[in-house]
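A closer look at the structure
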Amino acid sequence: QVQLSESGGGLVQTGGSLRLSCRASGRAITIDFMGWFRQTPGKEREFVAGISWNSEVTYYADSVKGRFTISRDNPGNLVFLQMDNLKPEDTAVYYCARRKDSAFSSSHYSAYEAWGQGTQVTVSS
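Described below are features of the structure shown in this document. (Residues numbered from 1 in each chain as written. Predicted model: local features only at pLDDT ≥ 70, side-chain atom pairs only at ≥ 80, totals over all residues. Heavy atoms only, no water.)

1. Some words on the overall build of the protein
Note the following rule: The numbering of helices and of strands both runs from the N terminus, where a helix is a DSSP run of H or I of at least 4 residues and a strand a run of E of at least 2. Each residue gets one of three labels from its accessible area relative to the maximum for its type: buried under 20%, exposed over 50%, partly exposed in between, using a 1.4 Å probe on protein chains only. Here, two residues are considered to be in contact whenever any of their heavy atoms come within 4.5 Å of each other. Per-residue and other accessible areas were derived by the Shrake-Rupley procedure at a 1.4 Å probe size, with only the shown protein chains allowed to occlude residues.
Helices and strands together make up the secondary structure of the protein, namely 0 helices and 11 strands. Going from N to C terminus, the protein has its helices and strands arranged as β-β-β-β-β-β-β-β-β-β-β. In terms of its C-alpha atoms, the protein occupies a principal-axis envelope of roughly 40 × 25 × 25 Å. Within the span of the protein, comprising 125 residues, buried residues form 43% of the whole. Sequence-distant contacts in the protein: of pairs separated by 6 or more residues, those separated by 24 or more amount to 56%. Split by element, the accessible area of the protein, about 6,300 Å² in all, is 49% carbon and sulfur.

2. Brief notes about the pattern of salt bridges
Put simply, the rule reads: Within this document, salt bridges are pairs made up of a side-chain nitrogen of Lys or Arg and a carboxyl oxygen of Asp or Glu, the two lying within 4 Å of each other.
Overall, the coordinates contain 8 salt bridges when judged by the stated rule. A salt bridge links D32 to R27; the nearest nitrogen and oxygen atoms lie 3.1 Å apart. Taking the shortest distance from any N to any O, the salt bridge between R98 and D101 comes out at 2.7 Å. Through salt bridges with shared partners, one network takes in R27, D32, R98, D101 and E113.

3. Some thoughts on the sheet that holds strand β7 (residues 68-73)
Rules: By definition, two strands form a pair when at least two bridges between them are found by DSSP. Note on method: axes are straight lines fitted to C-alpha atoms, helices fitted across the in-contact stretch only, with angles between N-to-C directions ranging 0 to 180 degrees.
Strand order across the open sheet formed by 4 strands is β1-β3-β8-β7, with antiparallel pairing between neighbours. Among the strands making up the open sheet, the edge pair consists of β1 (3-7) and β7. Each adjacent strand pair in this sheet contributes to an overall mean axis angle of 15 degrees, direction not counted.

4. Considering the side chain of D90
Within the fold, D90 resides in the loop between β8 (78-83) and β9 (92-99). In contact with D90, other than residues within four places in its own chain, are R38, R67, F68, N85, V121 and V123.

5. With respect to the nonpolar core
The tendency in soluble globular proteins is for nonpolar side chains to be buried as a group. To be explicit about the condition: For the purposes of this section, nonpolar cores are sets of buried Ala, Val, Leu, Ile, Met, Phe, Trp, Tyr and Cys residues that join through side-chain atoms within 4.5 Å.
Of all hydrophobic cores here, the largest spans 32 residues; its most connected members are W36, V48, F68, V79, L81, M83 and Y94. Elements supplying a minimum of two residues to this core: β3 (18-25), β4 (34-39), β5 (46-51), β7, β8, β9 and β11 (119-124). Contacts of L81, omitting those with residues within four sequence positions, involve L18, R19, L20, W36, V48, A49, F68, T69, I70 and Y94.

6. Some words on the packing of aromatic side chains
Stated formally: Aromatic pairing here means that ring centres of Phe, Tyr or Trp (its six-membered ring) are within 6.5 Å. Orientation follows from the plane angle: under 30 degrees is stacked, over 60 is edge-to-face, and everything else is tilted. For a Lys NZ or an Arg CZ to count as sitting over a ring, it must be within 6 Å of the ring centre and within 35 degrees of the ring normal.
Evaluated as defined, the whole model comprises 6 aromatic pairs. Between Y95 and W115 the ring centres are 6.3 Å apart and the planes differ by 85 degrees, which places this aromatic pair in the edge-to-face class. Highlighted residues: Y95 in strand β9 and W115 in the loop between β10 (112-113) and β11, separated in sequence by 20 residues. Here Y95 falls in the buried class, since its relative accessible area comes to 12%. On the basis of relative accessibility, which here comes to 26%, the residue W115 falls in the partly exposed class. The structure contains a cluster of three or more aromatic residues connected by ring pairs, namely F37, F47, Y95, Y112 and W115. Positioned above the aromatic ring of Y95, the side-chain terminus of R45 is 3.8 Å from the ring centre. Above the ring of F33, the side-chain terminus of R99 is found at 4.2 Å from the ring centroid.

Structure representation (structure tokens):
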């Protein structure tokens, strides 16, 4: 069973950048569709970006399109989220997860499993 671990969060000013990493262990994620989500207190976990196993297909939430870039390094069992031009509304705990084999959706949290512990991103105004 795969275990996921996120890192790279921190405190940044508006307009700044951060690069989040998601490292998989336990087994390879080479053929998995992977996603990044974020969550703030009292709100449902929100889809941010997703990427197919071969990086040919990517999806983004409208709120981050043009500012965030998802990528992956299959040999390294890693998935990244490059976040540029950050805004205070991007403040959240960010999680990575793998999409379930049986899932039809790529943007709802219920379609994903093997969540990491999350990494906090705080954007100051």
